[in-house]
Amino acid sequence: MKSNSSILIKLLVLQCLAVVCLSQSFDFFYFVQQWPGSYCDTRQSCCYPETGKPDEDFGIHGLWPNYNDGTYPSSCDRSNSFDESKISDLLSRLEKDWPTLACPSGDGIKFWGHEWSKHGTCSESLLDQYSYFQKALDLKAKSLESIKEAIEQALGVTTIFIDCNVDTRGNHQIYQVYLCVDTSASNFIECPVLPHGRPCGNKIEFPSFSSDSNHDEL
């Protein structure tokens, strides 16, 4: 009986260590922000969230653990599911700065849950669920003060990666901006490796939501 208990304890310890190893095994974060008008031009349709039309401003796409070789961990702890109640006092900030544009129109819970399950669980040894979302919101506040100026002046190309798309008229549009962050999710760093993306032309546009945009206004 004692022997079986000992084996069970060892197995549980090994499982816990496996989760810790998975969630610690990354080198930096990509902090990814997207321009809402460009998102709508890349999909068959997009929908305003239930809270209404988002600001003409960058919205958070995600905070993604990455390896220096360009690969990344994913869905590291399926037992640690997203729990809305743990971030209840962040919801108003998430609705403003991390809005969903997916159809059908939603409240953002599905979007945030996906980001936590796929990416956030891979950093859970350093950031619990609350800290993961709080850090992303704080990074947005820190980055947006100078991000447009940096893009327009083509500065910091190793720190900022610009992902563009081309609309139906051939215009290059700002789509997503990648910034690299250390494993504490507190400090911007030089990117060890840049993501694969679409090249931008000499002139980058910031498209607005307009009457001829391909979206559903709810």
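Residues numbered from 1 in each chain as written. Predicted model: local features only at pLDDT ≥ 70, side-chain atom pairs only at ≥ 80, totals over all residues. Heavy atoms only, no water.

1. Let's talk about the UniProt feature "active site" (unreviewed entry) in the chain
- As recorded in UniProt, the sites labelled "active site" (unreviewed entry) are H61, E115 and H119. Their sequence span is 59 residues, while the largest C-alpha to C-alpha distance among them is just 11.3 Å; these annotated residues converge on one region.
- Mapping E115 onto the fold places it in helix α4 (residues 109-118).
- Classification of E115 by relative accessible area gives buried; the value is 2%.
- Residues within four places of E115 in sequence aside, it is in contact with H61, G62, W64, W98, G120 and Y132.
- Inspection of the secondary structure puts H119 in the loop between α4 and α5 (129-143).
- Judged by relative accessible area, which is 5%, H119 ranks as buried.
- Contact partners of H119, with chain neighbours within four places excluded, come to L63, W64, P65, H114 and Y132.
- A distance of 3.4 Å separates polar atoms of two side chains, one belonging to H119 and the other to W64. (UniProt positions renumbered as here; feature names shortened; annotations may be inferred. Helix = DSSP H or I, 4+ residues; strand = E, 2+ residues; numbered from the N terminus. Buried < 20%, exposed > 50% of the residue type's maximum accessible area, 1.4 Å probe, protein only. Contact = heavy atoms within 4.5 Å. Polar contact = N/O pair within 3.5 Å; in protein donor to acceptor, adjacent residues only side chain to side chain.)

2. Describing the pattern of salt bridges
- Under the defined criterion, the tally for this structure stands at five salt bridges.
- Between K96 and D55 there is a salt bridge whose closest N-O contact spans 3.9 Å. With K96 in helix α3 (residues 91-97) and D55 in the loop between α2 (36-42) and β2 (59-66), the pair connects residues that are 41 residues apart, well separated along the chain.
- Residues R93 and D138 are paired through a salt bridge, measuring 3.1 Å at the closest nitrogen-oxygen approach. Of this pair, R93 sits in helix α3 while D138 sits in helix α5, and the two are 45 residues apart along the sequence.
- Using a relative accessible area of 29% as the deciding quantity, one classes R93 as partly exposed. (Salt bridge = Lys/Arg side-chain N within 4 Å of Asp/Glu carboxyl O.)

3. Brief notes about the state of the cysteines
- Overall, the coordinates contain four disulfides when judged by the stated rule.
- Here C47 connects covalently by a disulfide to C103, the sulfurs 2.1 Å from one another. Measuring handedness by torsion sign, the sulfur bridge of C47 and C103 sits at about 105° and is right-handed. Linking C47 in the loop between α2 and β2 with C103 in the loop between α3 and α4, this pair joins segments that are 56 residues apart in sequence.
- For C47, a relative accessible area of 3% corresponds to the buried category.
- By relative accessible area, C103 is classed as partly exposed at 33%.
- A sulfur-sulfur separation of 2.1 Å characterises the disulfide bridge that pairs C180 with C191. Handedness of the C180-C191 disulfide follows from its S-S torsion of about 105°: it is right-handed. Of this pair, C180 sits in strand β4 (residues 172-181) while C191 sits in the segment after β5 (188-189); the two residues are eleven residues apart in sequence, bridging distant segments of the chain.
- Look at C191 and you get buried, because its relative accessible area is 13%. (Disulfide = S-S within 2.5 Å.)

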